[in-house]
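Chains, contacts and geometry: an overview
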Amino acid sequence: MGCSFGCSYCYASFMGRFLAEPIEAWGDYLAVKTNAIEIFRREVARLPDGKRNSTILLSSVTDAWQGPEKKYRLARGILEVLRDMAYPGLVSILTKSPLVLRDIDVINEIGMKEVGVTVTTTDDDIGRFMEAHAPLATERLRTLAKLNLANIPTYAFLGPLFPHYRHREDLLDELFRQLSGVGTKIIFAEHLNTSQYILGRISPLLARAAPEVRSVYEEARTDEHRRVLSEMVMALVCKYGFEIRLGRVLDHNRDKNTAIH
């Protein structure tokens, strides 16, 4: 519970209330559920027949392949449970971490599976600005390439779409071009969550940025911004032959039940 990646835009910062941590501390704490494998094995065995084909997602709130996973091997252990029981539903992974490559052997032994990697930019400097301790964007692109070489179904999660893309179509095009180049052809895309508590976390970063950068993020709250950026994304989906899940760009403020990370 918690996250060490410290992405300033992450809506999951609300989870701090379960550990008595303020929203501002997001990225500075992580609690490890050391008994997760045992609990998962017990709970998945209790699934009623009607839910035994359900999709299992690792993970939508806390990235399961953060640094401590190297020691605790909880995500790998859960995958091994799913492999050993021949789980019949889809096992979907979503991560920002190249550490998932360690588990290619287990993933390949699961019947229905897919691995998604969150990719928000191709520029490591821009990524570091918004994703303080997360793996670099270029590492994530290489991760997708290696997963595709291992014949594991992949998707990219373009979330959030950084607001500057509306005014830099060339950079958005480059993101799509590089994703196509590593062999991934399925995407989710989501606008920046502009809830007040998230904007409060982004504000200290913007205070140190140029005036034009601050202006772009203020603009991101408008319907016009989201309409134009959505149209740009859909045009690039067609240009590069992608499939976009759910058929549109997600808007966390409007689609709270479908936003995934």
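As a starting point, this report considers the structure included with it.

Thresholds applied
Residues numbered from 1 in each chain as written. Predicted model: local features only at pLDDT ≥ 70, side-chain atom pairs only at ≥ 80, totals over all residues. Heavy atoms only, no water. Core = buried A, V, L, I, M, F, W, Y, C linked by side-chain atoms within 4.5 Å. Buried < 20%, exposed > 50% of the residue type's maximum accessible area, 1.4 Å probe, protein only. Contact = heavy atoms within 4.5 Å. 1 Å grid on protein atoms, 1.4 Å probe; cavity = no way out; pocket = protein on both sides within 12 Å on 5 of 7 lines; lining within 4 Å. Points joined across faces, edges and corners; volume = space filled by probe spheres on them. Helix = DSSP H or I, 4+ residues; strand = E, 2+ residues; numbered from the N terminus. Nonpolar A, V, L, I, M, F, W, Y, C, P; charged D, E, K, R; others polar.

1. Looking at the nonpolar core
Core analysis: the biggest nonpolar cluster contains 71 residues, and L79, L158, L172, F176, L179 and V233 have the highest contact counts within it. When sequence neighbours within four positions are dropped, the list of residues in contact with L179 reads V119, L141, L144, A156, L158, T184 and F242. By size, the runner-up hydrophobic cluster in this structure holds six residues, among which are L94, Y155, I186 and L250.

2. Some words on the layout of surface pockets
Size it by volume and the largest pocket reaches roughly 810 Å³. Lining the largest pocket we find 27 residues, and of these K33, A36, L58, S59 and I78 sit closest to its centre. Among the elements of the structure, α1 (36-45), β3 (56-58), α2 (69-72) and α3 (74-84) are those that each provide at least two residues to the lining of the largest pocket. The element contributing the most residues to the lining of the largest pocket is α1, with five residues. The residue makeup of the lining of the largest pocket, split by class, is 19 nonpolar, four polar and four charged.

Interpretation note: all reported values are geometric properties and have no functional meaning in isolation.
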